[in-house]
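# Breakdown of the fold
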Amino acid sequence: IPLNRRTISRRRFVAMGVALPLTTLGATSRPFTPRQTEGPFYPNRRQDDRDADLTRVDGKSGRAKGELIEVYGQVLAGDLRPIPGAVVDVWQANTYGRYAHEADPNRAPIDENFQGWAVLKTDARGFYRFTTIMPGAYPVSARWTRPPHIHFKVSKPGFSSLTTQMYFAGHPLNESDGLLHQHAEAEREKLIVDFSRPVSSNAESDIKRGVFNIILGPGRSA
């Protein structure tokens with residue numbers, strides 16, 4: 001089934017591995033972070049610049065378009081012990097809702113100043129942090145528009161690797177998103193993050209910040 005130039009049909013979206021069975025998603029046990037699909041747009045091109053500032057690209061003087069945000073949190077074990085040295089792989093669409101991926105049929109603009117992908121490691125206390133922009137929503141079909149979200153893939157030997165997505169509290173498209181609503185409400189709450197603007201006299205630091213803690217299960221090595 002060919003990709004439509006403006007949207008991806010639901011059938012194609014499922015075929016590309018985006019929709020997981022409800023039984024699989026429902027198997028996530030508390031307190032672990034719920035699993036979500038990787039989706040079809042994981043970066044597939046070499047990118048040397050994968051640092052914690054997604055709003056700038058090495059060798060370019062500009063900054064990514066869109067609203068600046070900061071995401072931070074801890075990667076934790078089930079007993080809430082911090083996990084140092086975990087690899088936190090993050091990727092997302094730009095402010096226009098487009099991924100830097102040749103399979104993305106969205107005709108929205110590419111932002112050459114947006115890094116779009118970072119690979120981080122948690123520190124000795126299990127913390128990670130990155131600066132990015134609020135991702136745009138994008139169409140999947142005539143009846144389905146995905147809300148803004150950021151993809152995460154987290155791994156550490158000795159723990160079960162996790163692929164999931166983080167959503168933004170209060171966005172109206174959350175209420176109709178097929179992937180988010182494959183989880184029960186209590187599980188959805190673990191994936192939805194509230195971003196608040198701290199009071200500061202420094203305009204650069206006065207950006208919306210959100211905390212997304214990630215809890216990995218035991219078992220398989222990453």
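Given the structure is predicted, the values throughout are model-derived calculations rather than measurements.

### A look at the overall build of the protein chain
Per the secondary structure count, the protein chain includes three helices and 11 strands. When the helices and strands of the protein chain are listed from N to C terminus, the series reads α-α-β-β-β-β-β-β-β-β-α-β-β-β. Buried residues in the protein chain amount to 45% of all 222 residues. Sequence separation of 24 or more characterises 71% of the internal contacts of the protein chain that already satisfy a separation of 6 or more. Put simply, the protein chain shows about 11200 Å² of open surface, and 50% of that area lies on carbon and sulfur atoms.

### Considering unusual backbone geometry
The backbone of Leu80 sits at a positive phi, close to 70°, despite the residue not being glycine. Here Leu80 is to be found in the loop between β1 (68-76) and β2 (87-91).

### Here's the deal with the nonpolar core
In terms of nonpolar packing, the biggest core is built from 42 residues, with Val71, Tyr128 and Phe152 touching the most fellow members. Elements that contribute at least two residues to this core include exactly β1, β2, β3 (117-121), β4 (127-133), β5 (138-141), β7 (149-155) and β8 (162-168). Looking at which element gives the most residues to this core, the answer is β8, with four residues. Discounting residues that sit within four places of it in the chain, Tyr128 has contacts with Val71, Tyr72, Gly73, Gln74, Val75, Val88, Leu120, Thr122, Phe152, Phe212 and Ile214.

### Focus: the pattern of salt bridges
Working definition: two side chains of opposite charge can pair if their charged atoms are close together. Under the counting rule described, the total for this entry stands at nine salt bridges. Of the charged contacts in the structure, one is a salt bridge between Glu70 and Arg209, with a shortest N-O distance of 2.9 Å. With Glu70 in strand β1 and Arg209 in strand β10 (residues 208-211), the pair connects residues that are 139 residues apart, well separated along the chain. Given a relative accessible area of 9%, Glu70 falls into the buried group. For Arg146, the salt bridge identified is with Asp177, shortest N-O distance 2.8 Å. Taken together, the positions of Arg146 in strand β6 (residues 144-146) and Asp177 in the loop between β8 and α3 (185-188) put the pair 31 residues apart, joining distant regions of the chain. Note on accessibility: Arg146 and Asp177 belong to one class, buried. Among the charged side chains, a salt-bridge network with shared partners connects Glu70, Arg129 and Arg209.

### What about the sheet that holds strand β9 (residues 192-193)?
Strand-to-strand pairing in sheets goes through backbone hydrogen bonds, with the strands running parallel or antiparallel. Strand order in the open sheet formed by five strands is β3-β2-β7-β8-β9, and the pairing between neighbours is mixed. Of all the strands in the sheet, the pair left with one neighbour each is β3 and β9.

### Regarding the packing of aromatic side chains
The tally for this structure, following the rule as stated, stands at nine aromatic pairs. The positively charged end of Arg50 is found above the aromatic ring belonging to Trp117, 5.1 Å away from the centroid. Positioned above the aromatic ring of Tyr72, the side-chain terminus of Arg129 is 4.6 Å from the ring centre.

### Regarding the environment of Gly178
Mapped onto the elements of the fold, Gly178 is located in the loop between β8 and α3. Accessibility expressed as a relative area gives 31% for Gly178, which makes it partly exposed. As a C-alpha pair, Gly178 and Thr145 span 33 residues in sequence and 9.5 Å in three-dimensional space.

### Re the environment of Ala77
Mapping Ala77 onto the fold places it in the loop between β1 and β2. Here Ala77 falls in the buried class, since its relative accessible area comes to 2%. In this structure, the C-alpha to C-alpha distance between Ala77 and Leu216, residues 139 residues apart in sequence, is 5.3 Å. Among all residues touching Ala77, those that are not within four sequence positions of it are Ile83, Phe159, Ile215 and Leu216.

About the thresholds
- Residues numbered from 1 in each chain as written.
- Predicted model: local features only at pLDDT ≥ 70, side-chain atom pairs only at ≥ 80, totals over all residues.
- Heavy atoms only, no water.
- Helix = DSSP H or I, 4+ residues; strand = E, 2+ residues; numbered from the N terminus.
- Buried < 20%, exposed > 50% of the residue type's maximum accessible area, 1.4 Å probe, protein only.
- Contact = heavy atoms within 4.5 Å.
- Areas by Shrake-Rupley, 256 points an atom, 1.4 Å probe, with all protein chains shown as cover.
- Core = buried A, V, L, I, M, F, W, Y, C linked by side-chain atoms within 4.5 Å.
- Salt bridge = Lys/Arg side-chain N within 4 Å of Asp/Glu carboxyl O.
- Pairing = 2+ DSSP bridges.
- Phe/Tyr/Trp six-rings, centres within 6.5 Å; stacked < 30°, edge-to-face > 60°.
- Lys NZ or Arg CZ within 6 Å of the ring centre and 35° of its normal.

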